[in-house]
Amino acid sequence: MNGRTRVEDTPEAWDVVDSKHRFKGYVIEVVTDTVRMPRDEVADRDYVVHPGAVAVLALDEQDRVLMIRQYRHPTRHLMWELPAGIRDVAGEPLVTTAARELAEEAGYRADTWYTLVDLRSSPGMTDERVRVFLARGLSEIPDEENGYEHRHEEIDMPVEWVPLADAVEKALMGMIHNSSTVAGILAAYAASVEGHSLLRPADAPEA
């Protein structure tokens, strides 16, 4: 290492001397922890407890990315995103969750899955973890096999195939903003340089 600090996130937990639960909703919870800091100081830290999520960068044989557009109320925007969803089935393998989201939101299945990139979406305010998968070998699910009913924001949600290079340009030009989508697009483009040979398997452990 030549005396350099190893650049890798590592687990660590500072002492919590008090914890207050402020709000509990259908998906998230808001907590205030009083944390012991260096020099024996304490400070309050508010954060959102989140079950975590998965997202899918589905890439076809023409190197096009499957994207959907969904209304996101907190941002007051229609946002172009990858198919994604929360980890709402206890003990379910993440790749199984991802495959279900790809089927439900976009109507596609995939033969081959890789772990593309792992994210902490906003580590200063939430413990949410997001795993973005790369899905290849895509095929459309026939209507008679896909009985999922879209509701709420998912009604009339369009599906668009965007060339990967164009998606990278849109991310860098500030035309798309969803964090897992931007990270997934840039990671897929970087991984394509090595023919995806450096990607981890779909069941790779999370740090």
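Just above sits the structure.
Here the structure is a predicted model, which means the values were calculated and not measured.

For the rest of this paragraph, the subject is helix α2 (residues 164-172). Within the span of α2, buried status applies to Leu164, Ala167, Val168 and Ala171. The buried residues of α2 occupy an angular sector of 105° when projected down its axis, which confines them to one face. Residues of α2 that are buried make contact with β5 (64-72), β10 (159-163) and α3 (179-192). One or two positions beyond α2, positive phi appears at Gly174, with a value near 75°.

To continue, consider the packing of aromatic side chains. Inspection of every chain in the model, using the stated rule, returns two aromatic pairs. Ring plane angle 80° and centroid distance 5.4 Å describe the contact between Tyr108 and Trp161, whose orientation is recorded as edge-to-face. Placement of the pair is Tyr108 in strand β8 (residues 108-120) and Trp161 in strand β10, with a sequence separation of 53 residues. Plain terms: the ring middles of Trp113 and Phe133 are 6.1 Å apart, the flat faces sit at 80° to each other, and that makes the pair edge-to-face. Linking Trp113 in strand β8 with Phe133 in strand β9 (residues 129-140), this pair joins segments that are 20 residues apart in sequence. Assessed through its relative accessible area of 0%, Phe133 is described here as buried.

Grouped together as the largest cluster of nonpolar side chains are 25 residues, with contacts concentrated most on Leu57, Val65, Leu116, Val132 and Ile185. When residues of this core are traced back to their parent elements, those giving at least two are β4 (53-58), β5, β8, β9, α2 and α3. In terms of residue count, α3 provides more of this core than any other element does, five residues in total. Look past the residues within four positions of Val132 in its chain and what remains in contact with it is Ala55, Leu57, Leu82, Tyr114, Thr115, Leu116, Val117, Leu119, Ser180 and Gly184. With 17 residues, the next largest nonpolar core counts Val56, Ala58, Leu102 and Trp161 among its residues.

We now examine the environment of Arg22. Position of Arg22 among the secondary structure elements: in strand β1 (residues 16-24). Its relative accessible area of 53% is what places Arg22 among the exposed residues. Along the primary structure Arg22 and Thr32 are separated by 10 residues, whereas in three dimensions their C-alpha atoms are 7.1 Å apart. With residues near it in sequence (within four places) discarded, Arg22 still touches Val30 and Thr32. A polar side-chain atom of Arg22 sits 2.9 Å from a polar atom in the side chain of Thr32.

Once that is clear, we can look at helix α1 (residues 94-106). An α-helix turns once per 3.6 residues; consequently, residues spaced three or four apart project the same way. Helix length check: α1, at 13 residues, gives a terminal C-alpha distance of 18 Å against a target of 18 Å (1.5 Å per residue), a fit within 8%. Among all positions of α1, only Leu94, Thr97, Ala98, Glu101, Leu102, Ala103, Glu105 and Ala106 are buried. The first or second residue beyond α1 is Gly107, which carries a positive phi of 80°.

Let us now look at the pattern of salt bridges. Side chains that differ in charge, positive against negative, can pair when their charged atoms come close. Taken as a whole, this structure holds 12 salt bridges when the rule is applied. With a closest N to O distance of 2.7 Å, Arg131 and Asp118 form a salt bridge. Of this pair, Arg131 sits in strand β9 while Asp118 sits in strand β8, placing them 13 residues apart in sequence. You can call Arg131 buried: its relative accessible area is 1%. A single network of salt bridges, built from pairs that share partners, joins Arg87, Arg129 and Glu206.

Basis of the calculations
Residues numbered from 1 in each chain as written. Predicted model: local features only at pLDDT ≥ 70, side-chain atom pairs only at ≥ 80, totals over all residues. Heavy atoms only, no water. Buried < 20%, exposed > 50% of the residue type's maximum accessible area, 1.4 Å probe, protein only. Helix = DSSP H or I, 4+ residues; strand = E, 2+ residues; numbered from the N terminus. Arc of directions from axis to C-beta. Contact = heavy atoms within 4.5 Å. Phe/Tyr/Trp six-rings, centres within 6.5 Å; stacked < 30°, edge-to-face > 60°. Core = buried A, V, L, I, M, F, W, Y, C linked by side-chain atoms within 4.5 Å. Polar contact = N/O pair within 3.5 Å; in protein donor to acceptor, adjacent residues only side chain to side chain. Expected span 1.5 Å × (residues − 1). Salt bridge = Lys/Arg side-chain N within 4 Å of Asp/Glu carboxyl O.

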